[in-house]
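Each chain, letter by letter, is given below.
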Amino acid sequence: MTQPHHGVVGLIPAGGYSRRISPIPCSKEIFPIGSWRLPGTTEVRPKVASHYLLEKMEAAGIEKVYVVLRQGKWDVPSYLGNGNSFNLCLAYVIIEPSSGPPFTLDQAYPFVKDSTVAFGFPDIIFDSRDAFVQLLNRKDETGADIVLGLFSIERSRRDDRVELGRDGAVCKFMPGPSASKLRYTWNVAVWSPRFTQFMHRYLEKFGSTHERHESVPPAPELTVGRVIKAAFDEGFKVHAVAFPKDPYIDIGTPADMARAVKRYA
């Protein structure tokens, strides 16, 4: 049995509108992708997209996960509930419309500011069940502020690009979109309270949610990768663990959603 990580909390953004794949009959975080067997039974149930990320957090002994949710996506907590089905304790932070994932995550700042954070995107599916175990171990071994989980890029120019040194330290970080030929992107991460504090201060210069939405023309969406890049440039210690043989699927486009449904059927 995995020992619980009492100082680690999961953090998942679910504030988007899924416009690229609309219309769909539910929030993409609970769109059925494959199936799973109910623990202790032979009964099979649909497995939703975010379940793949939640099970990897649970496998690392993480007990508490915050899902940051915009108003209107009530089908997500209705389905995921309190997390008992996933051996987790789920809590929900409700936000106003957000200008991007970093602002969404920052709404949970009062709850996570003193904890190590395990972060992932609920619409990106990968197979390495022990991913967070490896990231947390690397963080303990190196004292890194941020440890990224790296995956081989197939074709996207939208992804951030990461160059990994022989010692496991990140030596180059290029936020997407990028034409770089670097072979890795990142999809999951763990980070220290120091980075959480950095992101909170970094976002303050962009003003309030109201000010960002009233800006003309609207500011481009800020990504988590760009905040990591800013921390990297300020000398934060960033390491990574590569999962080169583990393909990933971002279900944010109709073609990739269909690909995920077919793969995990």
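Remember, predicted model here, so these are calculated numbers, not experimental data.

At a closest axis distance of 10 Å, the pairing of helix H6 (residues 193–204) and helix H8 (residues 224–233) adopts a crossing angle of 110°. Here H8 runs roughly perpendicular to H6, going by the angle between their axes. Together, Phe195, Phe198, Met199 and Tyr202 of H6 and Arg226, Val227, Ile228, Ala230 and Ala231 of H8 make up the contact between the two elements. Considered class by class, the residues forming the contact of H6 with H8 number eight nonpolar, no polar and one charged.

Following Ser22, the chain continues to Pro23 via a peptide bond in cis, the omega torsion being 0°. Position of Pro23 relative to the elements: it lies in the loop between strand S1 (8–14) and strand S2 (32–37). With a phi angle near 55°, Ser18 is a residue other than glycine that sits in the positive phi range. Positionally, Ser18 belongs in the loop between S1 and S2.

The buried fraction of strand S12 (residues 238–242) amounts to four of the five residues, a majority that puts the element mostly inside the structure. Of the pairings in the sheet, the one linking strand S8 (residues 146–152) to S12 comprises five bridges and is parallel in character. Looking at the pairing, Leu150 lines up with Ala242 of S12.

Let's shift gears to the pattern of salt bridges. A full pass over the atoms with the stated rule returns 13 salt bridges. Asp127 is paired through a salt bridge with Arg263; the nearest N and O atoms lie 2.6 Å apart. Linking Asp127 in the loop between strand S7 (124–125) and helix H5 (131–142) with Arg263 in helix H9 (residues 254–263), this pair joins segments that are 136 residues apart in sequence. What makes Asp127 partly exposed here is its relative accessible area of 37%. Residue classification places Arg263 among the partly exposed positions, given a relative accessible area of 35%. With a closest N to O distance of 3.9 Å, Lys172 and Glu163 form a salt bridge. The class of Glu163 is partly exposed, set by a relative accessible area of 30%. Because the salt bridges share partners, they merge into one network encompassing Lys47, Glu55, Lys56, Glu58 and Arg129.

A word on the confidence of the model for the chain. With 92% of its residues at a pLDDT of 70 or more, the chain shows a mean pLDDT of 91. Under a pLDDT of 50 for its full length, residues 210–218 has, in the predicted model, seven contacts with residues more than four places off or in other chains.

A few words now on empty space enclosed by the protein. Taken as a whole and assessed by the stated rule, the structure comprises two cavities of 30 Å³ or more. Around the largest cavity, the lining residues are Leu11, Leu105, Asp106, Tyr109, Val112, Trp191, Thr196, Met199 and His200. Secondary structure elements with two or more residues in the lining of the largest cavity: helix H3 (101–106), helix H4 (109–112) and H6. Of all the elements, H6 adds the most residues to the lining of the largest cavity, at three residues.

The next point concerns the nonpolar core. Residues Phe132, Leu148, Trp186, Trp191 and Phe195 are the most contacted members of the largest nonpolar core, which totals 84 residues. Those residues in contact with Phe132 that sit more than four places away from it in its chain are Leu53, Lys56, Met57, Ala60, Ala118, Phe119, Val188, Ala189 and Val190.

Before going further, it helps to spend a moment on the packing of aromatic side chains. Inspection of every chain in the model, using the stated rule, returns 16 aromatic pairs. Where Trp191 meets Phe195, the ring centres are 5.0 Å apart and the plane angle is 65°; that geometry is what we call edge-to-face. Note on accessibility: Trp191 and Phe195 belong to one class, buried. Ring geometry for Tyr202 against Phe206: centres 5.8 Å apart, planes inclined by 55°, an arrangement best described as tilted. Given a relative accessible area of 33%, Phe206 falls into the partly exposed group. Here the guanidinium or amino end of Arg19 rests over the ring plane of Tyr17, the centre of that ring lying 4.4 Å away. The ring of Phe126 is capped by Lys56, whose NZ or CZ atom sits 5.1 Å from the centre of that ring.

Reading the values: the criteria
- Residues numbered from 1 in each chain as written.
- Predicted model: local features only at pLDDT ≥ 70, side-chain atom pairs only at ≥ 80, totals over all residues.
- Heavy atoms only, no water.
- Axes fitted to C-alpha atoms, helices over the stretch in contact; angles between N-to-C directions.
- Helix = DSSP H or I, 4+ residues; strand = E, 2+ residues; numbered from the N terminus.
- Parallel < 35°, antiparallel > 145°, perpendicular 65-115°, else oblique.
- Contact = heavy atoms within 4.5 Å.
- Nonpolar A, V, L, I, M, F, W, Y, C, P; charged D, E, K, R; others polar.
- Buried < 20%, exposed > 50% of the residue type's maximum accessible area, 1.4 Å probe, protein only.
- Pairing = 2+ DSSP bridges.
- Salt bridge = Lys/Arg side-chain N within 4 Å of Asp/Glu carboxyl O.
- pLDDT = per-residue confidence, 0-100.
- 1 Å grid on protein atoms, 1.4 Å probe; cavity = no way out; pocket = protein on both sides within 12 Å on 5 of 7 lines; lining within 4 Å.
- Points joined across faces, edges and corners; volume = space filled by probe spheres on them.
- Core = buried A, V, L, I, M, F, W, Y, C linked by side-chain atoms within 4.5 Å.
- Phe/Tyr/Trp six-rings, centres within 6.5 Å; stacked < 30°, edge-to-face > 60°.
- Lys NZ or Arg CZ within 6 Å of the ring centre and 35° of its normal.

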